[in-house]
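A structural walkthrough
Residues per chain, in single letters:
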Amino acid sequence: MLEIKNLHVQADGNEILKGLSLHVGAGEVHAIMGPNGSGKSTLANVLAGREEYEVTGGSVDFLGKDLLELEPEERAHLGVFLAFQYPVEIPGVNNTYFLKAALNSMRKERGESELDAVDFLKLVREKLKVLHMEESLLGRPVNEGFSGGEKKRNEVFQMAVLEPKLAILDETDSGLDIDALKDVAAGVNALRSPERGFLVVTHYQRLLDYIVPDFVHVLYKGQIVKSGGKELALELEAKGYSWIEEQALAAESK
Amino acid sequence: MTNAQDTMHPFALRFEELEKGWGATGPEWVLRLRRAAMAAFQEGGIPTPKHEEWKYTDVRELDRITLTHADGTPSTGADIGPVPDLTTGADETVVRIVLVDGLFVPALSDLTSAPSGLRVQPLSVVLREQRAELESHLGSVAPVESHPFVALNTAFFQDGVHVFVPAGCKERVTVHVVHLASGGGAAGTTVNAAHPRNLYVLGESAVVRVVEEYAASGAGPHTDSPYLTNPVTEAIIGANARLELYKVVRESGQVFHVAGTFARIDRDGHLDAHNVSQGGRLIRNDLRVELNGPGGGCVLNGLNVATGRQLMDDHTEIVHAVPHCASREYYRSVLSDESQGVFNGKVFVRPDAQKTDGIQSNNALVLSPKALMNTKPQLEIYADDVKCTHGATIGQLDPDSLFYLRSRGIEAETARRMLVHAFASDVVDRMAWEPMRVLAGSMLDETLGR
């Protein structure tokens with residue numbers, strides 16, 4: 001469903017992604033791991049359409065469309081969802097109002113009728129349970145005053161309501177305690193289906209104990225330098241990233 | 001030698017003409033008030049940007065045109081277009097009083113619904129009745145020396161609105177005070193100035209809501225020539241009384257709206273002053289509150305929505321004269337195009353005013369690179385046991401918030417609208433009267449929908 005070919009991306013004049021290629025098929029869970037500064041978050045944000053990044057080469061095809069040509073909301077309508085590493089606090093915008101506006105814009109795009117308040121509430125209540133979220137969070141402004149765990153739960157909750165085709169999780173596990181991590185993983189696992197692809201960006205192997213990936217890729221200096229199955233994550237856990245760095249250096253000097 | 005009249009300010013000449021008529025019809029003390037005001041005005045005339053209080057707000061054009069007031073013949077109402085009805089949907093009793101170009105128009109007003117005891121009358125009528133208590137109220141809160149446009153209003157007002165709420169009166173009633181500008185072109189008149197004068201007096205424990213609305217009548221002023229709307233409102237709030245005051249400015253065209261609202265609050269009394277401004281060429285609101293009795297308080301809450309080359313200027317002044325008073329002040333400006341905003345918030349805490357509790361905040365959302373905001377908090381605190389904070393921000397729409405909303409499938413325009421409403425939401429939500437929240441919301445939509 002997602003085909004990234006030789007992607008080059010700059011931010012503030014620095015090249016961050018240097019020819020990245022990746023194929024994600026429907027129903028697959030891909031984990032992207034790598035040390036800080038390797039370009040993991042850049043990849044996640046470029047796919048969602050953040051404007052600060054400049055694509056200087058390569059292509060991204062999603063469900064037969066050129067993703068890079070589309071506005072962020074058009075990507076969302078097509079089924080791309082990014083769970084933010086740092087969810088934005090938006091004072092003055094009520095969580096329910098926001099999510100209802102988002103869901104109804106998706107439904108409108110798909111030619112479905114808008115959900116009324118009753119049906120909407122029924123839908124969100126079910127999803128809240130999976131994530132062990134208090135219903136009172138719905139009445140509050142988007143992410144304002146939320147704890148770190150509440151913010152990340154809220155991201156996965158939005159994902160559950162919007163039901164994307166490609167879910168990108170940008171370090172959704174970072175900074176979470178074990179209960180929150182389990183809730184977030186349960187929310188993600190509940191969404192796993194043969195029609196849905198996942199790109200799980202993480203720094204730590206721990207998350208992958210709960211969200212078991214089909215593929216693990218190591219991103220280093222803007223390129224995928226190693227790919228493998230879930231056992232690769234365990235190897236990284238045991239050996240650390242320096243092992244990858246040494247291998248990459250050795251390859252460069254050859 | 002030049003003739004003395006050649007060197008006289010046009011306002012002074014006009015005053016001399018009118019003085020004879022006023023001497024014949026009004027009480028002597030009002031004439032004295034007018035003369036003192038005219039003398040005060042002549043000290044400085046129309047202020048220039050050299051005047052500290054008028055640094056960013058240039059009204060000198062008013063000195064270059066001949067201002068002509070309505071001739072004293074009240075309109076029959078027939079020549080006036082549709083009167084905006086803000087109170088649609090209000091489920092309480094509404095008393096409506098309409099003035100056009102500063103003159104009372106009976107045909108458009110409905111004073112019959114006023115509950116017994118509560119008086120809503122044209123000021124001219126009350127003055128003719130020679131009611132003694134008026135002398136101690138009119139001009140007692142609005143200072144002519146420091147405010148040239150208050151002086152101008154005091155010298156020239158022809159009519160206005162008097163609301164008297166007797167002690168203990170708690171009727172659920174909204175007094176809708178409508179000031180329309182016909183001016184320029186309407187029915188061939190040349191009227192281009194109005195100086196309406198409002199006086200609200202609340203007795204002990206009285207409660208009332210007053211909605212003061214300034215707008216163009218259906219017919220005008222639509223021309224390119226300037227029009228001066230120069231209202232002054234005085235509110236005298238008795239012990240434990242509460243005034244909920246809304247001032248809505250929906251001017252149009254080349255209107256200079258230069259206004260002053262002045263309130264004096266007795267012990268345990270309270271003022272909620274909500275200001276919503278849109279339209280016109282220049283809107284200047286001076287708002288001064290004296291907290292004169294312990295336990296008194298006020299909330300000043302304002303929303304300005306400016307577009308084009310409009311300028312909107314709020315000068316507020318809260319005087320904590322006695323201990324144990326609380327003041328809250330929240331102003332928000334949404335500025336598009338080449339519009340400008342000015343905020344000057346003075347808070348004076350006198351030496352005796354211990355335990356004062358004051359909060360002031362002023363935030364501007366600048367939607368265009370050419371829009372401009374000048375903001376200046378000015379706190380002068382002479383007591384040592386007080387709690388006073390202030391804060392001001394000027395910013396654009398947050399790109400991270402915008403991206404967050406869009407990444408969830410919300411269209412860019414809708415996302416912008418959500419964020420603009422969010423910016424104004426705390427001020428809008430503070431307005432207890434629903435029709436005003438609806439109006440504020442539609443003003444924000446209008447500014448984005450252009």
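Computed from a predicted model, the values in this text were never measured in an experiment.

**Quick look at the overall build of chain B**
Each helix and strand in chain B was counted, giving 9 helices and 21 strands. Here chain B holds 450 residues, and the buried ones make up 52% of them. In chain B, 82% of the contacts between residues at least 6 apart in sequence involve partners at least 24 apart.

**What about the nonpolar core?**
In terms of nonpolar packing, the biggest core is built from 196 residues, with Ile168(A), Val200(A), Leu202(B), Leu243(B) and Leu271(B) touching the most fellow members. A total of 8 residues in this core trace back to one element, the largest contributor, which is helix 8 (residues 412–429) of chain B. Setting aside residues up to four positions removed in sequence, Val200(A) forms contacts with Val29(A), His30(A), Ala31(A), Ile32(A), Leu169(A), Leu207(A), Ile211(A) and Pro213(A).

**Quick word on the sheet that holds strand 3 (residues 29–33) of chain A**
Residues and elements named next belong to chain A. Strand order across the open sheet formed by 6 strands is 6-9-10-3-11-12, with mixed pairing between neighbours. Looking at which strands have only one partner, the edges of the open sheet turn out to be strand 6 (80–83) and strand 12 (223–228). The average undirected angle you get between the axes of adjacent strands in this sheet is 20°. Sitting on the sheet, helix 7 (residues 230–239) touches strand 3, strand 11 (215–220) and strand 12, and the angle it makes with strand 11 is about 45°.

**Regarding the interface of chain A and chain B**
On the side of chain B, 17 residues touch chain A, which itself brings 20 residues to the contact. Of all elements in the fold, only helix 2 (72–78), strand 7 (90–94), helix 3 (95–109) and helix 5 (148–162) of chain A reach the threshold of two or more residues within the side of chain A that touches chain B. Class assignment for the residues of the side of chain A that touches chain B results in 13 nonpolar, 4 polar and 3 charged.

**Some details on the confidence of the model for chain A**
Overall, the prediction assigns chain A a mean pLDDT of 93, with 100% of residues at 70 or greater. Within chain A, the element-level pLDDT minimum falls on helix 8 (residues 242–253) of chain A, averaging 79, and the maximum on strand 6 of chain A, averaging 98.

**Remarks on unusual backbone geometry**
All names here are of chain A. Even without a glycine there, the phi angle at Leu 63 is positive, about 50°. On the secondary structure map, Leu 63 appears in the loop between strand 4 (54–62) and strand 5 (65–66). In the Ramachandran plot, His 132 falls in the positive-phi region, its phi being about 50° despite a non-glycine side chain. Among the secondary structure elements, His 132 is positioned in the loop between helix 4 (117–130) and strand 8 (141–142).

**Re the packing of helix 2 (residues 28–44) of chain B against helix 6 (residues 148–156) of chain B**
Residue and element names in this part refer to chain B. At their nearest, the axes of helix 2 and helix 6 sit 8 Å apart, and the two run at 145° to each other. Viewed along their axes, helix 2 and helix 6 form a crossing whose handedness is left-handed. Residue-level inspection shows Leu 33, Arg 34, Ala 37, Met 38, Ala 40, Phe 41 and Gly 44 of helix 2 in contact with helix 6, the latter providing Pro 148, Ala 151, Leu 152, Thr 154 and Ala 155.

**So, helix 6 of chain B**
The element helix 6 of chain B is largely enclosed, with a buried count of 9 among its 9 residues. Taken as a whole, helix 6 of chain B has its buried residues at Pro148(B), Phe149(B), Val150(B), Ala151(B), Leu152(B), Asn153(B), Thr154(B), Ala155(B) and Phe156(B).

**Focus on the pairing of strand 3 of chain A**
Taken residue by residue, a regular strand's side chains alternate between the two faces of the sheet. All names here are of chain A. Burial of strand 3 is extensive: 5 of the 5 residues sit out of reach of the surface. Every second residue of strand 3 is oriented toward a common face, with Val 29, Ala 31 and Met 33 on one face and His 30 and Ile 32 on the other, all of them buried. When strand 3 meets strand 10 (residues 197–201), the two strands line up parallel, connected through 4 bridges. Residue Val 29 lies in a different strand from strand 10, and its bridge partner there is Phe 198. Bridge analysis of strand 3 against strand 11 gives 4 bridges, and the strand direction is parallel. Note that in strand 11 the partner of Ile 32 across the bridge is His 217.

**Observations concerning the environment of Ser75(B)**
Residue and element names in this part refer to chain B. Mapped onto the elements, Ser 75 comes out in the loop between helix 3 (61–64) and strand 1 (93–100). A count of 24 C-beta atoms within 10 Å places Ser 75 in the buried class. On a C-alpha basis, the gap between Ser 75 and Ser 368 in space is 42 Å, while along the polypeptide they are 293 residues apart. In this view, Ser 75 contacts Ile 80, Val 100, Leu 103 and Val 105; residues no more than four positions away in its chain are not counted.

**Digging into the packing of helix 3 of chain A against helix 5 of chain A**
Residue and element names in this part refer to chain A. Contact geometry for helix 3 and helix 5: axes closest at 10 Å, N-to-C directions at 30°. Along this stretch, helix 3 crosses helix 5, giving a crossing that reads as right-handed. For the pair helix 3 and helix 5, the contacting residues are Leu 99, Ala 102, Leu 103 and Met 106 in the first and Gln 158, Val 161 and Leu 162 in the second. Split into classes, the residues belonging to the contact of helix 3 with helix 5 amount to 6 nonpolar, 1 polar and no charged.

**Some details on helix 8 of chain B**
With 18 residues, helix 8 of chain B ought to run about 26 Å at 1.5 Å a step, and its terminal C-alpha atoms sit 25 Å apart, in line with that. Helix geometry: helix 8 of chain B is bent most strongly at Phe423(B), by close to 45°. Along helix 8 of chain B, the positions that sit buried rather than exposed are Ala415(B), Met418(B), Val420(B), Ala422(B), Phe423(B), Ala424(B), Ser425(B), Val427(B) and Val428(B). Its buried side turned inward, helix 8 of chain B meets strand 7 of chain A together with strand 15 (297–306), strand 17 (326–335), strand 19 (357–366), helix 7 (399–407) and helix 9 (434–449) of chain B.

**Details of the sheet that holds strand 8 (residues 207–216) of chain B**
Residue and element names in this part refer to chain B. Taken in spatial order, the 10 strands line up as 2-1-5-8-11-13-15-17-19-21 in an open sheet, and their pairing is mixed. Strands with a single pairing partner mark the edges of an open sheet, and in this sheet they are strand 2 (103–104) and strand 21 (387–395). Across 10 bridges, the pairing between strand 17 and strand 19 is parallel. Within the sheet, the bridge partner assigned to Tyr 331 lies in strand 19 and is Asn 362. Lying over the sheet, helix 8 contacts strand 15, strand 17 and strand 19, oriented at roughly 155° with respect to strand 17. Here helix 9 sits on the sheet in contact with strand 11 (242–251), strand 13 (270–279), strand 15 and strand 17, set at roughly 30° to strand 13.

**Thoughts on the confidence of the model for chain B**
All names here are of chain B. With 93% of its residues at a pLDDT of 70 or more, chain B shows a mean pLDDT of 91. Low pLDDT, under 50, characterises residues 1–5; the predicted model gives this stretch 2 contacts beyond four residues in sequence or across chains. Model confidence for the complex is summarised by a pTM of 0.91, with the ipTM given as 0.96.

**A few points about the environment of Ser339(B)**
All names here are of chain B. By the element assignment, Ser 339 lies in the loop between strand 17 and strand 18 (340–349). Here the alpha-carbon distance between Ser 339 and Thr 261, two residues 78 residues apart in the chain, equals 24 Å. Once residues within four sequence positions are removed from consideration, Ser 339 is found in contact with Ala 306, Thr 307, Gly 308, Arg 309, Gln 310, Leu 311 and Ala 371.

Rules used in this analysis
Residues numbered from 1 in each chain as written. Chains lettered and ligands numbered in written order. Predicted model: local features only at pLDDT ≥ 70, side-chain atom pairs only at ≥ 80, totals over all residues. Helix = DSSP H or I, 4+ residues; strand = E, 2+ residues; numbered from the N terminus. Buried ≥ 20, exposed ≤ 12 C-beta atoms within 10 Å, placed from the backbone. Contact = placed C-beta atoms within 7 Å. Core = buried A, V, L, I, M, F, W, Y, C linked by C-beta atoms within 7 Å. Pairing = 2+ DSSP bridges. Axes fitted to C-alpha atoms, helices over the stretch in contact; angles between N-to-C directions. Nonpolar A, V, L, I, M, F, W, Y, C, P; charged D, E, K, R; others polar. pLDDT = per-residue confidence, 0-100. Left-handed = near helix turned anticlockwise from the far one by under 90°. Expected span 1.5 Å × (residues − 1). Bend = angle between axes of the 7 residues up to and from the residue.

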